[in-house]
Amino acid sequence: MPDERYDPHISRDATQSKSEAQMQNIQATLDDTTQKMHQNVNSIAARGERLDNLQDKTDNLAVSAQGFRRGANRVRKQMWWKDMKMRMCIIVGIIILLLIIIIPSGMWNSSFV
């Protein structure tokens, strides 16, 4: 302790206890900092696990979306064919109905002439 001045009112024991108190204070600060760093490392590891879990869910959702898109296109094509069949049936029905109406009326008119 050559850098400290000698004070006759302060005993050497008080100086040593002051140094010990400073050391204990520094040790407590160091322990607190170490504990905070451990907590930070643990929270970063937990965050990494959550990010991995989120990545897996995102991949599963992308696969499901692709399957849904394929199924939707298949259903759309089936409905288009069903709609076209219905339209063709309606057109054929109208043509048959017109033929049923036109042919007898033509025969009816030809018999009077």
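Described in the following lines is the structure provided in the data block. (Residues numbered from 1 in each chain as written. Predicted model: local features only at pLDDT ≥ 70, side-chain atom pairs only at ≥ 80, totals over all residues. Heavy atoms only, no water.)

### Quick word on the overall build of the protein
- Along the protein, the regular secondary structure elements total 1 helix and 0 strands.
- The buried share of the protein, taken over its 113 residues, is 2%.
- Only carbon and sulfur atoms are counted for the fraction: they give 62% of the accessible area of the protein, which is about 11,000 Å². (Helix = DSSP H or I, 4+ residues; strand = E, 2+ residues; numbered from the N terminus. Buried < 20%, exposed > 50% of the residue type's maximum accessible area, 1.4 Å probe, protein only. Areas by Shrake-Rupley, 256 points an atom, 1.4 Å probe, with all protein chains shown as cover.)

### Some remarks on the packing of aromatic side chains
- A complete count under the given rule lists 1 aromatic pair for this structure.
- Ring geometry for Trp80 and Trp81: centres 4.9 Å apart, planes at 75°, overall edge-to-face.
- According to the relative accessible area criterion, Trp80 is partly exposed, its value standing at 47%.
- By relative accessible area, Trp81 is classed as exposed at 52%. (Phe/Tyr/Trp six-rings, centres within 6.5 Å; stacked < 30°, edge-to-face > 60°.)

### Some details on a negative patch on the surface
- A surface patch of negative charge is lined by Glu49, Asp52, Asp56 and Asp59.
- Note that Asp56 resides in helix H1 (residues 12–112). (Patch = residues over 30% accessible without salt bridge, like charges linked within 9 Å, V, L, I, M, F, W, Y side chains within 5 Å. Salt bridge = Lys/Arg side-chain N within 4 Å of Asp/Glu carboxyl O. Lys, Arg positive; Asp, Glu negative; His and termini not counted. Charge placed at Lys NZ, Arg CZ, Asp CG, Glu CD.)

### Details of the pattern of salt bridges
- Under the definition given, this model contains 2 salt bridges.
- Lys36 is the salt-bridge partner of Asp32, the closest N and O atoms lying 3.6 Å from each other. Linking Asp32 with Lys36, this pair stays in helix H1, spanning 4 residues, or about one helical turn.

### A word on a nonpolar patch on the surface
- A surface patch of nonpolar side chains, amounting to about 690 Å² of accessible area, comprises Met86, Ile90, Ile94, Leu97, Leu98, Ile101 and Ile102.
- Turning to its location among the elements, Leu98 is positioned in helix H1.
- For Leu98, a relative accessible area of 44% translates into the label partly exposed.

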